[in-house]
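Structure assessment
Residues per chain are reported as follows:
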Number of protein chains: 2
Amino acid sequence: MDRKIATIQDVARIAGVSTATVSRTLSKPSVVAPATRDAVLQAVADTGYRINTQAANLRRQRTGSVIALVPNLANPFFSQIFAGMSAVLTEAGLGLLVADTQTGSDPEERLSYHLTSGNADGLILFDGTFSRDRLNVPGRPPVLLVSEWMEDDLPSVTVDNRHGAALAVGHLAQAGHRAIGFLSGPPENVLTSERLAGFTTALADLGLVARPDWILEGDFSMDSGAAAARRWMALPDRPTALFCASDEMAIGFMGAVHRAGLSVPGDVSIVGFDNIEVAQHLTPGLTTIRQPRTIIGLRSAELLIDMIAANSLSGPSEVIEVELIKRASVAPPRSP
Amino acid sequence: MDRKIATIQDVARIAGVSTATVSRTLSKPSVVAPATRDAVLQAVADTGYRINTQAANLRRQRTGSVIALVPNLANPFFSQIFAGMSAVLTEAGLGLLVADTQTGSDPEERLSYHLTSGNADGLILFDGTFSRDRLNVPGRPPVLLVSEWMEDDLPSVTVDNRHGAALAVGHLAQAGHRAIGFLSGPPENVLTSERLAGFTTALADLGLVARPDWILEGDFSMDSGAAAARRWMALPDRPTALFCASDEMAIGFMGAVHRAGLSVPGDVSIVGFDNIEVAQHLTPGLTTIRQPRTIIGLRSAELLIDMIAANSLSGPSEVIEVELIKRASVAPPRSP
DNA sequence: CTAACTGTTGTAAACGATTGCACCTTGTGT
DNA sequence: ACACAAGGTGCAATCGTTTACAACAGTTAG
């Protein structure tokens, strides 16, 4: 067979029409006469012609793909979101490029790069920590912020972090806990501040105060959860329940607690955040706040596609609801 | 400022040279005179010119990206591999497009699509189950198979699955187990057959036989592990140790066993495969066979880049070594 | 003094599509 | 019979680069 790949020229020659007609047959068939259309389609079939998206995109001044920029590609939290995004994007004829901000030296630098490289019709950003003027570049594509919340008016898809925290606290309180601690993410992180705010407010609503020494700091990772557990165990006066800002930290925490010979929920009740897949298979099952990640991905893609279609740098934001998933890691506190 | 984005024409005009010289200054600076070079670079800086990769790629007959095609994007197993790949690819100026084969209807169809779409300079395939003639298309890009092993001579990056299985069995045997079962993946899967073969051989080397009723079937997922646990518990004569073909299944299995009031490793010792991050935080810590996923990603990217550079459809394969990670899920069998 | 290089630059033709505009048929109304 | 509209098609410019080739100036060797 042919080594060469057929171009639109070949198809045009074989069908006995001009390239314009071939192009039209493929993009808006309605404007070409049925007879010609058939001839062209036949020629397409004969040659095995596949449209060259690069050339088409060049002419159309678009790229045909969007970039998802995450802090760390290795973090499995994102994979399910990707799956949702991919489904919608594929449908719309867009490809999904992934990149992380931590590979190179300067994260903000990477953002700027992708903003100006012109390699994408849109950008989905999973990392809210960058200075605003980075976005101030001439012909930049639309940007959608996912998961990380920001004070300004960039379009975003987020979950209701405060409400999630309130659900967690409410559940623990209902089980009888008064001494409730919080295991946070990195202090500068917006998720941390939102969840902490929700935590504090919920406690206040119950007439409780958030004790500073019961607020432990982590970085969302399992290891940091384990480290926090060691600090918790060293506490002279320990909270009987802990709300963790991520399931991963909750897992690390529980693991370390178990290794020390203590029990969950016997010695401490735990609520996580995210509902990652493993949560329900742990022993005990991890009570947690579910973030519907596939839906986050779907909606993100949809919103971005709308912005691209409207050729607009702004657009609506969306807040996705979270949900309390009750499992066995919460129990009434041991009676004193 | 300007709304328009500067093109090579603008730079050429401002620098007072031809577009050819601008292009050369940017791609092979050595051939242009230092004085002109400086002038061009100055003009580039002044205009904020960014090269249009699409146009460049069109002209160069390349796309500037590779596609990673996985069975299921939501599976976190791949994310760490992506991270490794991305690092290398970015370095080489290539983007990483991700897609999964399960979104559409027919998985093989999706493969064919990406093979012919001409959207990538290379394809990384994480799913070995497709008929060979799918690859028989005119100008297809190089394809590298990752993780799933195949009998023919497609370039691939795999781990030594048989050896991994042997390590697992060896470790269990050393702990004193004679009654060792296997929790497999889907029967048609190559990983399943390789690990099963390694399992059987290792048993044979110990003078043991693989009992068919001790070979449980799963699909690599946590849920299937939990289901297998229920079948295991129903067994009249249960093996005292189980080698699971994935950590996920091991986790599901352990969870279900715990819920039934039995203990790991008290009632059954477990060895997993993969060493996913959560393995060390479980209770008990999961003994497993480590697959160095970042390295798999790195090497895959490197091999594919070599093929692309050499413009060749074939290339070397690589087998990555696995390693036994001992944790607390293995103990001597309860004395009868 | 001429021929043959070498080093540097410009001209212009690709790459493979899309699309505004002009053109040619027909069909319809008067 | 004529004007006009509508439907269908082709011409050729365009998207923003890269690169083969030619051109030209200044050495250098013979």
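Residues numbered from 1 in each chain as written. Chains lettered and ligands numbered in written order. Predicted model: local features only at pLDDT ≥ 70, side-chain atom pairs only at ≥ 80, totals over all residues. Heavy atoms only, no water.

- As named in an unreviewed UniProt entry, chain A is LacI family DNA-binding transcriptional regulator, taken from Pseudooceanicola spongiae.

**Considerations on the overall build of chain A**
- Within chain A one finds eleven helices and twelve strands.
- In terms of C-alpha radius of gyration, chain A reaches 26 Å, well past the compact-globule figure of 20 Å for 336 residues.
- Based on the C-alpha atoms only, the size of chain A along its principal axes is roughly 90 × 40 × 35 Å.
- Burial status across chain A gives 51% buried among its 336 residues.
- Across chain A, the fraction of contacts at a sequence separation of at least 24, relative to all contacts at a separation of at least 6, is 70%.
- Accessible surface computed for chain A: about 14,400 Å², of which carbon and sulfur atoms make up 53%.
- Separation of charge centres in chain A, based on 28 positive and 35 negative side chains, amounts to 6 Å. (Helix = DSSP H or I, 4+ residues; strand = E, 2+ residues; numbered from the N terminus. Rg over C-alpha atoms; globule rule 2.2 N^0.38 Å. Buried < 20%, exposed > 50% of the residue type's maximum accessible area, 1.4 Å probe, protein only. Contact = heavy atoms within 4.5 Å. Areas by Shrake-Rupley, 256 points an atom, 1.4 Å probe, with all protein chains shown as cover. Lys, Arg positive; Asp, Glu negative; His and termini not counted. Charge placed at Lys NZ, Arg CZ, Asp CG, Glu CD.)

**Examining the interface of chain B and chain A**
- Counting from both sides, the interface comprises 54 residues of chain B and, opposite them, 54 residues of chain A.
- Buried area between chain B and chain A, summed over both chains or domains, comes out near 4,200 Å², and the portion from carbon and sulfur atoms is 54%.
- Taken as a group, Arg-50, Gln-54 and His-281 of chain B account for 16% of the area that chain B buries against chain A, more than any other trio of residues on that side.
- Applying the counting criterion to the chain B and chain A interface returns 18 residue pairs in polar contact (both at pLDDT 80 or more).
- Mapped by element, the contributors of at least two residues to the side of chain B that touches chain A are helix H4 (53-60), helix H5 (77-91), strand S2 (95-100), helix H6 (107-116), helix H9 (222-234) and helix H10 (247-259) of chain B.
- Take the side of chain B that touches chain A: its biggest share by element is seven residues, from H5 of chain B.
- Class assignment for the residues of the side of chain B that touches chain A results in 21 nonpolar, 24 polar and nine charged.
- Pairing geometry for strand S2 (residues 95-100) of chain A and S2 of chain B, over three bridges, is antiparallel. When the sheet's bridge partners are listed, Leu-96 of chain A is paired in S2 of chain B with Val-98 of chain B. (Buried area = accessible area lost by both parts, 1.4 Å probe. Polar contact = N/O pair within 3.5 Å; in protein donor to acceptor, adjacent residues only side chain to side chain. Nonpolar A, V, L, I, M, F, W, Y, C, P; charged D, E, K, R; others polar. Pairing = 2+ DSSP bridges.)

**What about the protein's contact with DNA strand D?**
- In the vicinity of DNA strand D there are 25 residues, among which Thr-21 and Thr-36 of chain A together with Ile-8, Ser-23 and Arg-59 of chain B approach most closely.
- Sugar plus phosphate, as a fraction of atoms of DNA strand D within 4 Å of the protein: 62%.
- The contact in question runs from a base nitrogen of DNA strand D to an N or O atom on the backbone of Ala-55 of chain B, over 3.5 Å.
- At the level of secondary structure, the elements contributing two or more residues to the surface near DNA strand D comprise helix H2 (19-27) and helix H4 (53-60) of chain A together with helix H1 (8-15), helix H2 (19-27) and H4 of chain B.
- If one sorts the elements of the surface near DNA strand D by residue count, H4 of chain B sits on top with four residues.
- For the surface near DNA strand D, a count of residues per class yields eleven nonpolar, nine polar and five charged. (Near = heavy atom within 4 Å.)

**Overview of the packing of aromatic side chains**
- Inspection of the entire model under this criterion finds 14 aromatic pairs over all chains.
- Ring centres 5.2 Å apart and planes at 70° place the aromatic pair Phe-78 of chain B and Phe-126 of chain B in the edge-to-face group. Taken as a pair, Phe-78 of chain B in helix H5 and Phe-126 of chain B in the loop between strand S3 (122-125) and strand S4 (143-146) lie far apart in primary sequence, 48 residues in all. The pair formed by Phe-78 of chain B and Phe-126 of chain B is uniform in burial state, with each residue classed as buried.
- Three or more aromatic residues joined by ring pairs make a cluster, and in this case those are Phe-77, Phe-78, Phe-82 and Phe-126 of chain A.
- Between the NZ or CZ atom of Arg-195 of chain B and the centre of the ring of Phe-273 of chain B, over which it lies, the distance is 3.7 Å.
- Lying over the aromatic face of Trp-232 of chain B, Arg-238 of chain B brings its terminal NZ or CZ to 4.6 Å of the ring centre. (Phe/Tyr/Trp six-rings, centres within 6.5 Å; stacked < 30°, edge-to-face > 60°. Lys NZ or Arg CZ within 6 Å of the ring centre and 35° of its normal.)

**Here we look at the protein's contact with DNA strand C**
- Close contacts around DNA strand C come from 24 residues, with Ile-8, Ser-23 and Arg-59 of chain A together with Thr-21 and Thr-36 of chain B the closest.
- Within 4 Å of the protein, the atoms of DNA strand C are drawn from sugar and phosphate moieties in a proportion of 60%.
- In this structure, Ile-8 of chain A approaches DNA strand C through a main-chain N or O atom, which is 2.5 Å from a phosphate oxygen.
- One of the side-chain N or O atoms of Arg-59 of chain B is found 3.0 Å from a base nitrogen in DNA strand C.
- Contributions of two or more residues to the surface near DNA strand C are made by H2 and H4 of chain A together with H2 and H4 of chain B.
- Here the residues of the surface near DNA strand C are counted per class, giving eleven nonpolar, eight polar and five charged.

**Examining unusual backbone geometry**
- Between Val-264 of chain A and the following residue, Pro-265 of chain A, the backbone shows a cis peptide bond with an omega angle of 5°.
- Here Pro-265 of chain A is to be found in the loop between helix H10 (247-259) and strand S9 (269-274).
- The backbone of Asp-274 of chain B sits at a positive phi, close to 125°, despite the residue not being glycine.
- On the secondary structure map, Asp-274 of chain B appears in strand S9 (residues 269-274).
- Accessibility expressed as a relative area gives 7% for Asp-274 of chain B, which makes it buried.
- Despite not being glycine, Asn-275 of chain B shows a phi value in the positive range, around 60°.
- Mapped onto the fold, Asn-275 of chain B is located in the loop between S9 and strand S10 (287-290).

**Remarks on the packing of H2 of chain A against helix H3 (residues 34-47) of chain A**
Residue and element names in this part refer to chain A.
- Where H2 contacts H3, the axes come no closer than 10 Å and their chain directions differ by 90°. Regarding the angle of H2 to H3, the classification is roughly perpendicular. Contacts between H2 and H3 involve Thr-21, Val-22, Thr-25 and Leu-26 from the former and Thr-36, Arg-37, Val-40, Leu-41 and Val-44 from the latter. (Axes fitted to C-alpha atoms, helices over the stretch in contact; angles between N-to-C directions. Parallel < 35°, antiparallel > 145°, perpendicular 65-115°, else oblique.)

**Focus: the nonpolar core**
- Phe-82 and Phe-253 of chain A together with Phe-82 and Phe-253 of chain B are the most contacted members of the largest nonpolar core, which totals 148 residues.
- Counting residues in each nonpolar core, the second largest holds 29 residues, with Leu-69 and Ala-99 of chain A together with Ala-120 and Leu-154 of chain B among its members. (Core = buried A, V, L, I, M, F, W, Y, C linked by side-chain atoms within 4.5 Å.)

**Comments concerning the sheet that holds strand S10 (residues 287-290) of chain A**
All names here are of chain A.
- As summarised here, the arrangement of the six strands in space is S7-S6-S8-S9-S10-S12, forming an open sheet in which the pairing is mixed. Looking at the sheet topology across the chains shown, the edges are occupied by strand S7 (215-217) and strand S12 (323-325). Adjacent strand axes in the sheet meet at a mean angle of 20°, parallel and antiparallel pairs treated alike.
- Pairing of strand S6 (residues 180-184) with S7, which is carried by three bridges, proceeds in the parallel orientation. Residue pairing for S7: Phe-182 is matched across the bridge by Ile-215.

**Topic: the pattern of salt bridges**
- On inspection of all chains with the given rule, the structure shows 18 salt bridges over all chains.
- Arg-211 of chain B is paired through a salt bridge with Asp-213 of chain B; the nearest N and O atoms lie 2.9 Å apart.
- Sharing partners across several salt bridges, the network here consists of Arg-211, Asp-213 and Asp-237 of chain A. (Salt bridge = Lys/Arg side-chain N within 4 Å of Asp/Glu carboxyl O.)

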